[in-house]
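Residues per chain are reported as follows:
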Amino acid sequence: MDKSSTLLVHYDKGTPAVANEIKEALEGNDVEAKIDAMKKAVMLLLNGETIPQLFITIIRYVLPSEDHTIQKLLLLYLELIEKTDSKGKVLPEMILICQNLRNNLQHSNEYIRGVTLRFLCRLKETEIVEPLTPSVLQNLEHRHPFVRRNAILAIMSIYKLPQGDQLFVDAPEMIEKVLSTEQDPSAKRNAFLMLFTCAEERAVNYLLSNVDKVSDWNESLQMVVLELIRSVCKTKPTEKGKYIKIIISLLSATSSAVIYECAGTLVSLSSAPTAIRAAANTYCQLLLSQSDNNVKLILLDRLYELKTLHRDIMVELIIDVLRALSSPNLDIRRKTLDIALDLITHHNINEVVQMLKKEVVKTQSGELEKNGEYRQMLIQAIHACAVKFPEVASTVVHLLMDFLGDSNVASALDVVVFVREIIETNPKLRVSIITRLLDTFYQIRAGKVCPCALWIIGEYCLSLSEVESGISTIKQCLGDLPFYSVSEESEPTETSKKIQPTSSAMVSSRKPVILADGTYATQSAASETTFSSPTVVQGSLTSGNLRALLLTGDFFLGAVVACTLTKLVLRLEEVQSSKTEVNKTVTQALLIMVSMLQLGQSPVSPHPIDNDSYERIVLCIKLLCHRNDEMKKIWLEYCRQSFVKMISEKQLREMEELKAKTQTTHAQPDDLIDFFHLKSRKGMSQLELEDQVQDDLKRATGEFTKDENDANKLNRILQLTGFSDPVYAEAYVTVHHYDIALEVTVINRTKETLQNLCLELATMGDLKLVERPQNYSLAPERSMQIKANIKVSSTETGVIFGNIVYETSNVMERNIVVLNDIHIDIMDYISPAVCSEVAFRTMWAEFEWENKVAVNTTIQNEREFLDHIIKSTNMKCLTAPSAIEGECGFLAANLYAKSVFGEDALVNVSIEKQTDGALSGYIRIRSKTQGIALSLGDKITLKQKGSS
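Counting from 1, residues in each chain are numbered in the order their sequence is written. Totals for whole chains, interfaces and linings use every residue, but because this is a predicted model, local features are given only for residues with pLDDT of at least 70 and side-chain atom pairs only at 80 or more, for both listing and counting. With hydrogens and water set aside, each side-chain value is computed from the structure's full complement of heavy atoms.

**Comments concerning the overall build of the protein**
No. 1: The secondary structure content of the protein amounts to 40 helices and 22 strands.
No. 2: Here the protein holds 948 residues, and the buried ones make up 45% of them.
No. 3: Throughout, a residue-residue contact means that at least one pair of heavy atoms, one from each residue, lies within 4.5 Å. Contacts spanning at least 24 positions in sequence make up 66% of the contacts within the protein whose residues lie at least 6 apart.
No. 4: Accessible area of the protein: about 49200 Å², with a carbon and sulfur share of 51%. Numbered from the N terminus, helices here are DSSP runs of H or I no shorter than four residues, and strands are runs of E no shorter than two. Buried, partly exposed and exposed residues are distinguished by accessible area as a fraction of the type maximum, computed with a 1.4 Å probe on protein chains only: under 20%, between the cut-offs, and over 50%, respectively. Method for areas: the Shrake-Rupley scheme with a 1.4 Å probe, in which residue coverage is limited to the protein chains shown.

Have a look at this one:
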């Protein structure tokens, strides 16, 4: 049986209203006081209080009131109170309210009649409803539609009671007559709903007899029609052809809600290309016409589902989907691009890229504050297009290179990574890309973008002119040397005073002095002129980005500059025949490197040069001074080979991910295949023929077969009580996104009937109960199933605990059986996901919650430990396999997952093998919220010991 849904409403009972105070207020004549008192009584009832002493007072003083608010609150009170005893019989005092309800049903005011009829919809006691049936029938002919529509609902509810068909024997016939004469849209909708619920055949006959008028019906009635069609087609799938025609006619309705439901119904009933195409077109039209962002996101979800199941049809609509980019909302734009990127083919790639290029140009206007983020998304989308279809790279790469100097660093970084990949995968574009990069290099202002751009220059400048241009560009961006100088002053400074001679005999002498940074200065006591501490030389206006970044202390960039110059000099030696020119260039490169080292060790630098950068620059100096063929091969060939290997591995991973997404289905050997070609096609429309073909294909490929994983199902059964307890209970836990469903099987192991048996549950964490517990009676040695629903609001490990309370006939005291705790696993909420390395690093820098877990395991192999963590946490390893293979004693890897609530979980595993064979290190977890970081940390701590 259907149960009425209940809602838990919070009410602070810290200072509960005393029943006597409520009673006094109800007995008074103040209407406002009565309303407040009734509200307090209703709130107490909602929170489990019974307050039986108020019933007679309410009957005497509240029942006769003519105030509409009091009457509404009275009906709420009557709905909440217990109307039956422990044996299920109606309480005698309930007879007192029957006369009042009859009077209300005959009241002169239509509002009183309407709310009373609505109250009858919630009554489940036949003894109370039976005397009221004549009055309910009279209201079917009332002049006001509000009364008529509620009278129809009351008849429907009474007819659905266990003995309701005896109270209203001819109810379907009466409602069918009302439906044919009723003019009010809401009353007509309720009448059709009553026929649909209680006499489906009559509803179907009425629908089929009015097929031509369906498109003119009211929106609410059309929604019920669609619900009826879904129900009928579910029980009689062979008849869905005639109903699909009705659905397609409703696609031209004026209501957006009806059109949306039509599209959803079409997809659920038919897999014919015509039906899917009509549904997809409807979603795309709604996507453009609706202004609400939440509605757009829901429509994009529907399109994503269609793309997963019917990609070939969705490919035709890719441009229509991309029109959603006109919305300024970033979430909508991101979802739109995700859908479109999976629909790209050789036929539509040019149109898609052209549209994306237009959107990129629009972002330069600067009208919207989030243009930088949107541009970054577009660049990533174009990058993905160019990787899949290299032939379009030439049309976009030069446009995107204009954004290398973008103020949005992430966007510029995406561009330079895109250029780096394209120049390798498209050798024909190498010359034009290098030329454009050298021309625009001075515009790059981001310290993260310059190293990648310099690497491209060092690797792909191959001809003599390109190498010379590359060296010239770097020299120009570094500016004049040195990076700092010593200025002359007329008065001695503190520094000069310290290095002045103190002997009087040397006052007039001139002597070279070595300053703190190793440079020389001349000091003359006669002229009292000294040289102060070093100061930065800013360089000319033409010198720019590299110099400015170096002077801020970015010596990693200095090391990259040194490596790039080294590669260019080594390549110049291969392509330049003049040794004089080569030696001259070597000298200039050495001067630049030495100047960078001096800058790093001078007091003008914000901080000293780091050891790694220092050693790298020194290595470049040594290499240029002692050049040999072996080193040339390492620097000019092996570097490129490593990059090519990285690109190929990336493409391989993407192909594997694509294969993993495709569903593989299998048909059983004895599955029936119904060949429609051998059937009679008489009377079948084109849509029905297409649908039959699709059904045959699904049966042949096994798509209709859904195998349950019984072992997994058994793992979800939790024992709640012991075998020796008088009541045995076990729960089957189902987690579905925001809902947790508990199916608790309760077995009475005693020889007595258990009365008022109640499953009382409580939660800890972000879990909320949505139902009030109910009382049951359980016969000796019998079992029953109790269902409980729990809402989840975040990815956090929660605990459900409680007990079973019951009474027996012998002992009136309540017996309590405490249940084992149910721990809701975080693994039910997170799933492996993929993101780019740049996105991972960006999120790692932004997320504020970090949980650091020390490695403590008996596993002694680094890779085995990583695999165990991946399996235990249900995460995806983003680090390429080639980066973690081999036996070096160290391992670092990044893991990533997303929760059903859209939260990101980032994990970094850094481990080292000790001399005794044990592993040590840390697992760091970062997330935007505290719950997922703590829960994932607890899970790793529990699971990292071994394979248990």
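**Let's talk about the sheet that holds strand β7 (residues 717-719)**
No. 1: If DSSP finds at least two bridges between two strands, the strands pair. Strand order across the open sheet formed by 5 strands is β7-β8-β9-β13-β11, with antiparallel pairing between neighbours. Looking at which strands have only one partner, the edges of the open sheet turn out to be β7 and β11 (767-769). This sheet shows a mean twist of 30° between the axes of neighbouring strands, independent of strand direction.
No. 2: When strand β9 (residues 739-748) meets strand β13 (residues 783-792), the two strands line up antiparallel, connected through 9 bridges. Residue pairing in the sheet places Leu-742 in a bridge with Ala-788 of β13. Orientation is described by axes fitted as lines to C-alpha atoms, over the contacting stretch for helices, and by angles from 0 to 180 degrees between their N-to-C directions.

**Concerning the packing of helix α31 (residues 555-575) against helix α32 (residues 579-601)**
No. 1: Contact geometry of α31 with α32 gives a least axis separation of 10 Å together with a crossing angle of 170°. Here α31 is positioned roughly antiparallel relative to α32, judged by the angle of their axes. Facing α31, whose interface residues are Phe-555, Gly-558, Val-561, Ala-562, Leu-565, Thr-566, Val-569, Leu-572 and Glu-573, α32 presents Val-582, Thr-585, Val-586, Ala-589, Ile-592, Met-593, Met-596, Leu-599 and Gly-600.
No. 2: When residues are grouped by polarity, Ala, Val, Leu, Ile, Met, Phe, Trp, Tyr, Cys and Pro land in nonpolar, Asp, Glu, Lys and Arg in charged, and all others, Gly among them, in polar. For the contact of α31 with α32, the residue count by class is 13 nonpolar, 4 polar and 1 charged. Angles below 35 degrees are treated as roughly parallel, those above 145 as roughly antiparallel, those between 65 and 115 as roughly perpendicular, and all remaining angles as oblique.

**Regarding a negative patch on the surface**
No. 1: Taken together, Glu-574, Asp-629, Glu-630 and Glu-637 make up a surface patch of like negative charges.
No. 2: Element by element, the count of residues in the negative patch is highest for helix α34 (residues 629-661), at 3 residues.
No. 3: Its place among the elements puts Glu-574 in helix α31. To count toward a patch, a residue needs a relative accessible area above 30% and no salt bridge. Like charges then connect within 9 Å, nonpolar side chains (Val, Leu, Ile, Met, Phe, Trp, Tyr) within 5 Å. What makes a salt bridge here is a side-chain nitrogen of Lys or Arg within 4 Å of a carboxyl oxygen of Asp or Glu, nothing more. Positive residues here are Lys and Arg, negative ones are Asp and Glu, while His and the chain termini are left out of the count. Taken as the charge location is NZ of Lys, CZ of Arg, CG of Asp or CD of Glu.

**Let's talk about the pairing of strand β14 (residues 798-807)**
No. 1: Judged by how many residues are buried, β14 sits mostly within the fold: 8 of 10 residues are covered.
No. 2: Where strand β10 (residues 754-764) meets β14, 8 bridges bridge the pair, whose relative direction is antiparallel. If you follow Cys-758 over to β14, its bridge partner there is Val-805.
No. 3: Looking at chain direction, β14 and strand β16 (residues 822-824) are connected through 3 bridges and run antiparallel. When the bridges of β16 are listed, Ile-800 appears paired with Ile-822.

**Notes on the packing of aromatic side chains**
No. 1: Any two of the Phe, Tyr and Trp rings considered here, Trp counted by its six-membered ring, make a pair once their centres fall within 6.5 Å; the pair's planes then place it as stacked at under 30 degrees, edge-to-face at over 60, or tilted in between. Going through the model one piece at a time under the given rule, you end up with 9 aromatic pairs.
No. 2: Taking 5.9 Å as the distance between ring centres and 20° as the angle between the ring planes, the aromatic pair formed by Phe-840 and Trp-844 counts as stacked. Within this pair, Phe-840 and its partner Trp-844 are both found in helix α37 (residues 837-846), separated by 4 residues, close to a single helical turn.
No. 3: Taken together, the ring pairs in this structure connect Phe-192, Tyr-206 and Trp-217 into an aromatic cluster.

**What to know about the packing of helix α12 (residues 185-198) against helix α13 (residues 200-209)**
Between two packed helices, what matters for the description is the angle formed by their axes and the separation of those axes.
No. 1: Two numbers describe how α12 lies on α13: the axes approach to 5 Å, and their chain directions differ by 130°. Relative to α13, the element α12 is oriented oblique. The segment α12 lies against α13, with Lys-188, Phe-192, Leu-195, Phe-196 and Cys-198 engaging Glu-200, Arg-202, Ala-203, Tyr-206 and Leu-207.

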